[in-house]
Amino acid sequence: MADKGKFAMYWAASCGGCEIAVLNIGEKILDVDANFDIVFWPCAADFKYKDVEGYPDGYIDLCLFNGAIRTSENEEMAHLLRQKSKILVAFGSCAYEGCIPALANLTSKEAIFRTAYLESPSTENPDGVLPQPVTQVPEGELHIPEFYETVKSLDQVVSVDYYIPGCPPEPHQIIAVLDAIIQGAELPPPGSIIGAGTVAVCEECPLEKHEKAIKRIYRPYEKRPEPGICLLEQGIICLGPATRSGCGARCPQVGMGCRGCYGPLDGVEDQGAKFLSAIASVIDVGEPGGEEADLDREIEAVMESLADPAGTFYRFSMAHSLLRRARVNGSGDGEGGTA
Amino acid sequence: MKRITIDPITRLEGHGKIEIFLNDEGDVANAYFMIPELRGFERFCVGRPAEEMPRITNRICGVCPEAHHMASTKALDALFHVEPSSAVKKLREMFYSAFYVTDHTTHFYALGGPDFVLGPDAPAAERNILGVIHKVGVEIGKQVIDCRQRNHHVIEMLGGRGVHPVAGMPGGWSRAITEEERQEIEEIAKANVDFALFSLKLFEDIVLGNQEYVDMILSDAYTHRTYYMGTVDEHNHVNFYDGMIRVVDPDGKEFVKYHPKDYTQHVAEHVEPWTYLKFPYLKAVGWKGFVDGKDSGVYCATPLSRLNAADGMATPRAREAYEKMYETLGSKKVNGRYQPVHYRLATHWARLIELLYAAERMLELIQDPEITDPNVRVEVTSTPDEGVGCVEAPRGTLTHHYWTDENGILTRVNLIVGTTNNYAPIAMSVKKAAQSLIKKGTVITDGLLNRIEMAFRAYDPCMACATHSLPGQMPLEVTIYDAQGRVVERLSQYVERV
Ligand code: SF4
Ligand code: SF4
Ligand code: SF4
């Protein structure tokens, strides 16, 4: 029998949903078991950091890495697993593009600490204690990892071979990738996105699309969508046109606009910018041939009805976007002042 | 001073690490349970539109995203001053019950189960879900997988996604169910009741039928007398979705019963510099450090705590199972209610009673004629300001608290997450187990380390690995240093894999 491949999965700053998504592949997990030796997977198997340190370089054939890079420990593990892995996959939106944790890049570490440990209404901290990388206790020294200023994607700290998008990736997509690898299919060039489609979510979405003409934007609770009809053309924000397919358009099918968890389309670096142009093209700007100033006003009026553009357009892709993070001048929390 | 480092244990809302210090006599001087992670949701949600919170905060945890989704959705009800219709409440609670069934199932079979089914001293390589399946048979293993899958199917059907649901909105739910779907879910709920009864029987046969286990449950190493918290309905029965928060003291006397929106009057959080996680405690008693008893504000919010804090269960079979547990563990009835059970390992039993309750409740709700009401959305008209939403997450009372400007843009956020409630008790349990088990000259064995693990495993701390692990072990490693800080020994509780 041929040698089994070596499989690893690790979470950095992760919610654990990516591991659940892998476990939700059901009986397929037995195929993984049959074709791979698990050599590291804190969620599922009992190997430890020191085991990984002891492996020769390139020992792991396939490593699925999920979670963003938030602390010094996350970064150390990224380097270690890069060194030990032949194929390192940024698995899920956090590792791929920062995901929800990277919304923290709209604020600062100082503001995060202040909120959590000093200003929270349930916190009693008269001495102003904050977590410290090193603490002296009567018995000795205690260490915790350093909390970074900025959340990064995996490829911002080490080189990455493939990306599997989604928050989390849908089980059927994970199965497709694992099947391809198990069957020894030829892999796409490094740097490719796998386990997803190549068109926009709209193409997978069964909702009926007509000529779109938005007069204003509705908050999701402000309007009961007409069933069966594209949400965006009803004025409900849906990032479907700017998002890679693969999920099967799950959210629009229960009446909620897509928020873009599968990331930008091929060749698009910035999902938010892409969505802006998509939405600009569907704004109802009145009769053709009107004054340009009127046109601008129309567009502006519609855009003004959109709450929180940065947090909406970059909900999942902040770390990877051209924006990367809000400029931390002052505390970076929109309140001015010094850090 | 000698130091024993346990790193990594896997997640507890992230990752976890234990430092145990031995004094010159070789006894445990102290133990620290450290959480090396923080993500900062309370800050970076500021500036976001409030209605997005059910979809943002579920990324706090992928193991119980349904709990965050629900607490957040309820916070929106309060924030926007909309009372959901009874049909909406029933639909949400039915969805939430399906989640409880799958979550408690995986914890019992993948995490807690191996210690009992195979025994705490079984070879490490066998103490996992696959070992459980070997021991109890493939047929049962298949039932466990089926149970998870059918309930995840319900979660996806109603919530939009299998992980990270999207359907919650102020005063409503974005999707109703058809009669056809109702019938499908009804069959699933029936299968859940059978499965829960079967699981309780399995527990009784394997655990209660073995005196060694019973002694372990009753032993001092795993006993703490703390306050207990849980949500109760108008009859003081356990409720996961809605109600008042009740706290009982270590003797079982009601200490306080409050509306979730008043939580800051009753709960406060303490900060230590050596961990990123805060330690909640009862404000009226105060933070006295890592000690139990009536004079310490430490409380616990777990399945066992919910049962201790309530007068009983709202469904018939769960009620029977509840009474059986308290009787068997020697609890006496005082003023019509059982006195609290303080044995932390009994939490596993309590979890199975909750599993049965969730299954029965799901069946009740899906058979309610109102459940297919197509009208699941309301119009929101009033100006938002402030709102608290609360549910019982499987791992403890979960509170979301939002403030917004008049446009519904968040200006402030406060969260007390399920597992966080139990941080002090877990830290105490780890220390006590270490102190009871490690004495001068103790040889640190695999089984001994597993028994320390069992001290915190009972809490089902929100380690994604913990509840959903496949082989199902938390990797523990112990490093022993000499007084000069040199490594004298490294031990792993796991034997080499073949
Ligand atoms: S990508 Fe989504 S599911 Fe995966 S770890 Fe990040 S938040 Fe969780
Ligand atoms: S914009 Fe959204 S609702 Fe409309 S077709 Fe695209 S994915 Fe579907
Ligand atoms: S519809 Fe959009 S947000 Fe929803 S799962 Fe698909 S890509 Fe993610």
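Here goes a summary of the coordinates provided. Everything quoted here is computed from the prediction, not taken from an experiment.

**Quick notes on the pairing of strand S15 (residues 396-404) of chain B**
All names here are of chain B.
- Counting buried positions along S15 gives nine out of nine residues, so the element sits mostly inside the fold.
- Sheet analysis places strand S14 (residues 386-393) next to S15, joined by eight bridges and oriented antiparallel. Across the sheet, Gly-389 pairs through a bridge with His-400, a residue of S15.
- Between S14 and S15, which follow one another and run antiparallel, lie two residues.
- Pairing of S15 with strand S16 (residues 410-416), which is carried by six bridges, proceeds in the antiparallel orientation. Across the sheet, Thr-399 pairs through a bridge with Ile-416, a residue of S16.
- Between the antiparallel neighbours S15 and S16 lie five residues, among them Gly-408 with a positive phi of about 80 degrees.

**Considering the site of ligand 1**
- Looking at ligand 1, there are 14 residues lining it, with A:Cys15, A:Cys18, A:Ser93, A:Cys94 and A:Cys167 nearest.
- More than a single chain frames ligand 1: its nearby residues are located in chains A and B.
- Ranked by the residues each element gives to the shell around ligand 1, the list is headed by helix H5 (residues 92-97) of chain A, at three residues.
- Looking at the shell around ligand 1 residue by residue, the classes come out as six nonpolar, seven polar and one charged.

**Regarding the sheet that holds S15(B)**
Residue and element names in this part refer to chain B.
- The antiparallel open sheet is built from three strands, whose spatial order is S14-S15-S16. In this open sheet, the two strands that pair with only one neighbour each are S14 and S16. Within the sheet, the average angular offset between the axes of one strand and its neighbour, ignoring direction, is 10 degrees.

**A few points about the site of ligand 3**
- Around ligand 3 sit A:Thr243, A:Cys247, A:Cys251, A:Pro252, A:Cys258, A:Arg259, A:Gly260, A:Cys261, A:Tyr262 and B:Arg161, and that is every residue in its neighbourhood.
- Per-site note: the chains with residues close to ligand 3 are chains A and B.
- If you map ligand 3 onto the pockets, it falls in the second largest cavity.
- A per-class count over the shell around ligand 3 returns six nonpolar, two polar and two charged.

**Focus on the pattern of salt bridges**
- Enumeration according to the criterion identifies 44 salt bridges over all chains in this entry.
- Where B:Lys283 meets A:Glu124, a salt bridge forms, and the shortest distance between an N and an O atom there is 4.0 Å. Here A:Glu124 lies in the loop between helix H6 (109-119) and strand S6 (134-137) and B:Lys283 lies in the loop between strand S10 (279-282) and strand S11 (299-300), a pairing that spans two chains.
- Overall, A:Glu124 belongs to the partly exposed group, its relative accessible area being 36%.
- We note a salt bridge from B:Arg306 to B:Glu392, for which the minimum N-O separation is 2.9 Å. Here B:Arg306, found in helix H10 (residues 303-309), pairs with B:Glu392, found in strand S14; they are 86 residues apart in sequence, far enough to count as distant. Comparing B:Arg306 with B:Glu392, the two get one shared label, buried.

**Observations concerning the nonpolar core**
- Counting 193 residues, the largest nonpolar core has B:Met94, B:Tyr96, B:Leu307, B:Met325, B:Ile353 and B:Tyr402 as its most contacted members.
- If you look at the next biggest cluster of nonpolar residues, it comprises 27 residues, including A:Val52, A:Phe65, A:Ala78 and A:Tyr96.

**Points about the packing of helix H6 (residues 138-159) of chain B against helix H7 (residues 179-208) of chain B**
Residue and element names in this part refer to chain B.
- Where H6 meets H7, the axes come as close as 10 Å, and the angle between the chain directions of the two elements is 145 degrees. As for how H6 packs across H7, the hand of that crossing is left-handed. For the pair H6 and H7, contact is made by Ile-140, Gln-143, Val-144, Cys-147, Arg-150, Asn-151, His-153, Val-154 and Met-157 and by Glu-181, Glu-184, Ile-185, Ile-188, Ala-191, Asn-192, Phe-195 and Phe-198, respectively.
- Partitioning the contact of H6 with H7 into residue classes produces 10 nonpolar, four polar and three charged.

**What to know about the packing of aromatic side chains**
- Under the counting rule described, the total for this entry stands at 37 aromatic pairs over all chains.
- Centre to centre, the rings of B:Tyr32 and B:Trp274 are 5.0 Å apart; their planes meet at 85 degrees, and the pair counts as edge-to-face. Residue B:Tyr32 is found in strand S3 (residues 28-34), and its partner B:Trp274 is found in the loop between strand S9 (267-270) and S10; the two are separated by 242 residues along the sequence. Here B:Tyr32 and B:Trp274 have matching classes, each one buried.
- Where B:Trp274 meets B:Phe290, the ring centres are 6.3 Å apart and the plane angle is 40 degrees; that geometry is what we call tilted. Here B:Trp274, found in the loop between S9 and S10, pairs with B:Phe290, found in the loop between S10 and S11; they are 16 residues apart in sequence, far enough to count as distant.
- The exposure class assigned to B:Trp274 is buried, which follows from its relative accessible area of 4%.
- Take B:Phe290: its relative accessible area is 29%, and that puts it in the partly exposed class.
- Through successive ring pairs, a cluster of aromatic residues spans B:Phe21, B:Tyr32, B:Trp274, B:Phe279, B:Tyr281, B:Trp287, B:Phe290 and B:Tyr423.
- Just above the ring of A:Phe113 sits the side chain of A:Lys109; from NZ or CZ to the centre is 5.6 Å.

**A few points about the interface of chain A and chain B**
- Residue-level contacts link 85 residues of chain A with 95 residues of chain B.
- Buried surface at the junction of chain A and chain B, summed over both partners, amounts to about 7,800 Å²; 59% is from carbon and sulfur atoms.
- At the boundary of chain A and chain B, one finds seven salt bridges.
- Taken together, the connections running from chain A to chain B amount to 36 residue pairs in polar contact (both at pLDDT 80 or more).

**Section: empty space enclosed by the protein**
- By the definition in use, this model includes 12 cavities of 30 Å³ or more.
- Reported here for the largest cavity is a volume of approximately 380 Å³.
- What lines the largest cavity is a set of 19 residues, and nearest its centre among them are B:Leu38, B:Arg39, B:Glu42, B:Leu277 and B:Val417.
- A volume near 150 Å³ is recorded for the second largest cavity.
- What lines the second largest cavity is a set of 17 residues, and nearest its centre among them are A:Cys251, A:Arg259, A:Gly260, A:Cys261 and B:Arg55.

**Details of the sheet that holds strand S7 (residues 244-248) of chain B**
Residues and elements named next belong to chain B.
- Strand order across the open sheet formed by four strands is S8-S7-S6-S11, with mixed pairing between neighbours. The outermost strands of the open sheet, each flanked by one partner alone, are strand S8 (254-258) and S11.
- Sheet analysis places strand S6 (residues 227-232) next to S7, joined by five bridges and oriented antiparallel. Residue pairing for S7: Val-232 is matched across the bridge by Met-244.

Rules used in this analysis
Residues numbered from 1 in each chain as written. Chains lettered and ligands numbered in written order. Predicted model: local features only at pLDDT ≥ 70, side-chain atom pairs only at ≥ 80, totals over all residues. Heavy atoms only, no water. Buried < 20%, exposed > 50% of the residue type's maximum accessible area, 1.4 Å probe, protein only. Helix = DSSP H or I, 4+ residues; strand = E, 2+ residues; numbered from the N terminus. Pairing = 2+ DSSP bridges. Near = heavy atom within 4 Å. Nonpolar A, V, L, I, M, F, W, Y, C, P; charged D, E, K, R; others polar. Axes fitted to C-alpha atoms, helices over the stretch in contact; angles between N-to-C directions. 1 Å grid on protein atoms, 1.4 Å probe; cavity = no way out; pocket = protein on both sides within 12 Å on 5 of 7 lines; lining within 4 Å. Sits in = over half its atoms within 2 Å of the grid points. Salt bridge = Lys/Arg side-chain N within 4 Å of Asp/Glu carboxyl O. Core = buried A, V, L, I, M, F, W, Y, C linked by side-chain atoms within 4.5 Å. Left-handed = near helix turned anticlockwise from the far one by under 90°. Contact = heavy atoms within 4.5 Å. Phe/Tyr/Trp six-rings, centres within 6.5 Å; stacked < 30°, edge-to-face > 60°. Lys NZ or Arg CZ within 6 Å of the ring centre and 35° of its normal. Buried area = accessible area lost by both parts, 1.4 Å probe. Polar contact = N/O pair within 3.5 Å; in protein donor to acceptor, adjacent residues only side chain to side chain. Points joined across faces, edges and corners; volume = space filled by probe spheres on them.

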